[in-house]
Amino acid sequence: MKAVCLLSGGMDSSTLAYLVKSKGYDILALHANYGQRTENKERACAKKIAGLLGAGEFTEIDLRYFSQFGASSLTDPSLAVDRFDPARAHVPNTYVPFRNANLLAIATSYAEAKGAGAIFIGVQALDYSGYPDCRPAFIDAFRRVIELGTQENSHIGLFTPFIHMTKTDILKIGKELRVPYEHTWSCYQNEDRACGTCGSCHFRREAFSALGMTDPVPYEV
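Since this is a predicted model, take the numbers as computed values, not measurements. (Residues numbered from 1 in each chain as written. Predicted model: local features only at pLDDT ≥ 70, side-chain atom pairs only at ≥ 80, totals over all residues. Heavy atoms only, no water.)

## Brief notes about the packing of aromatic side chains
Following the criterion strictly, the structure yields 11 aromatic pairs and no others. Geometrically, the ring pair formed by Y65 and F69 is tilted, given 5.5 Å between the ring centres and 50° between the ring planes. Remark: F69 and Y65 occur in helix 3 (residues 65-69); sequence separation between them is four residues, near one turn of the helix. Plain terms: the ring middles of F98 and F138 are 6.2 Å apart, the flat faces sit at 70° to each other, and that makes the pair edge-to-face. Of this pair, F98 sits in the loop between helix 3 and helix 4 (99-114) while F138 sits in helix 5 (residues 136-149), and the two are 40 residues apart along the sequence. Relative accessible area serves as the criterion here: at 14%, F138 is assigned to the buried category. Seen from the ring of W185, K41 lies directly overhead, with NZ or CZ sitting 4.9 Å from the centre. Directly above the aromatic system of Y219 lies the positively charged group of R205, at a separation of 4.3 Å from the ring centroid. (Phe/Tyr/Trp six-rings, centres within 6.5 Å; stacked < 30°, edge-to-face > 60°. Helix = DSSP H or I, 4+ residues; strand = E, 2+ residues; numbered from the N terminus. Buried < 20%, exposed > 50% of the residue type's maximum accessible area, 1.4 Å probe, protein only. Lys NZ or Arg CZ within 6 Å of the ring centre and 35° of its normal.)

## Notes on empty space enclosed by the protein
Empty pockets left among the atoms are what a rolling probe the size of a water molecule brings to light. One pass over the full model with this rule turns up two cavities of 30 Å³ or more. Looking at the lining of the largest cavity, the elements with two or more residues in it are helix 1 (11-22), strand 2 (26-33), helix 4 and helix 7 (199-210). Of the pockets and cavities examined, the second largest cavity occupies roughly 40 Å³. Residue lining of the second largest cavity: Y95, V96, R99, N100, Y131, D133 and C134, and that is the complete set. Looking at the lining of the second largest cavity residue by residue, the class counts come to four nonpolar, one polar and two charged. (1 Å grid on protein atoms, 1.4 Å probe; cavity = no way out; pocket = protein on both sides within 12 Å on 5 of 7 lines; lining within 4 Å. Points joined across faces, edges and corners; volume = space filled by probe spheres on them. Nonpolar A, V, L, I, M, F, W, Y, C, P; charged D, E, K, R; others polar.)

## What about the environment of V91?
Looking at the secondary structure, you find V91 in the loop between helix 3 and helix 4. For the pair V91 and N102, spaced 11 residues apart in sequence, the C-alpha separation works out to 19 Å.

## Points about the packing of helix 6 (residues 167-177) against helix 7
At a closest axis distance of 8 Å, the pairing of helix 6 and helix 7 adopts a crossing angle of 60°. One way to sum up the angle between helix 6 and helix 7 is to call them oblique. When you trace helix 6 past helix 7, the crossing you get is right-handed. Between helix 6, through K167, T168 and L171, and helix 7, the contact on the second element is made entirely by F203, R204, A207, F208 and A210. Counted by class, the contact of helix 6 with helix 7 contains five nonpolar, one polar and two charged residues. (Axes fitted to C-alpha atoms, helices over the stretch in contact; angles between N-to-C directions. Parallel < 35°, antiparallel > 145°, perpendicular 65-115°, else oblique. Left-handed = near helix turned anticlockwise from the far one by under 90°. Contact = heavy atoms within 4.5 Å.)

## Comments concerning the environment of A89
Structurally, A89 can be placed in the loop between helix 3 and helix 4. Exposure remark for A89: the relative accessible area of 84% places this residue in the exposed category. Sequence spacing of A89 and G130 is 41 residues, and the spatial spacing of their C-alpha atoms is 9.3 Å.

## Regarding the nonpolar core
Judged by nonpolar contacts, the single largest core of 43 residues is most densely connected at V4, L104, I119 and L158. Where this core is concerned, the elements lending two or more residues are strand 1 (2-6), strand 2, helix 4 and helix 5. A per-element tally of this core places helix 4 first, with six residues. Excluding residues that lie within four positions of it along the chain, L104 makes contacts with L6, I119, I121, F138, I139, F142 and L158. C5, L7, M11 and A29 belong to the second-largest nonpolar core, a separate cluster that totals 26 residues. (Core = buried A, V, L, I, M, F, W, Y, C linked by side-chain atoms within 4.5 Å.)

In structure tokens form, the structure reads like this:
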């Protein structure tokens, strides 16, 4: 069984890759470079995780047009990365417009070309930052897109096992699977020492704290 696994090098996608491997799939790792601030660090982590899992393939795709579009602090250096704010009523500026639709479209092409029967993406809809392309309704809609836009004999399933989980729930799974979190990166801002203040750092640290675990990556704050 072959499965395309979207692998960013972050905590969620790495845990997902280990989970997919544990289910007996041959992993086709798909990693996107889209001009994000931590592109080099994310690439290195994704490659390391794919190597540790013995992925059948590690494919990098270039989506640098996101940097041309802007409107996200991840791809536009003129924008300061929003700090985590539990009272924020709007989507933080770390949202990359419609990114997951782009990633899933490419993953579908990859899966169909390679004869893979599954696509896995580590989106979650509970303690995330309000990104619209992480919602269950969006995933359900994209399943229909895959069904309509691929050959009848493709039968590609789109799976999101973490969508109704918290970061803490995901970390529990990763702990059982012995995911090497020292080889993952979640910070939106830095590549050497995690900032500790962005939304991604916040939820990661909160999960480790909730389980009484020590996060192996270094932090500024």
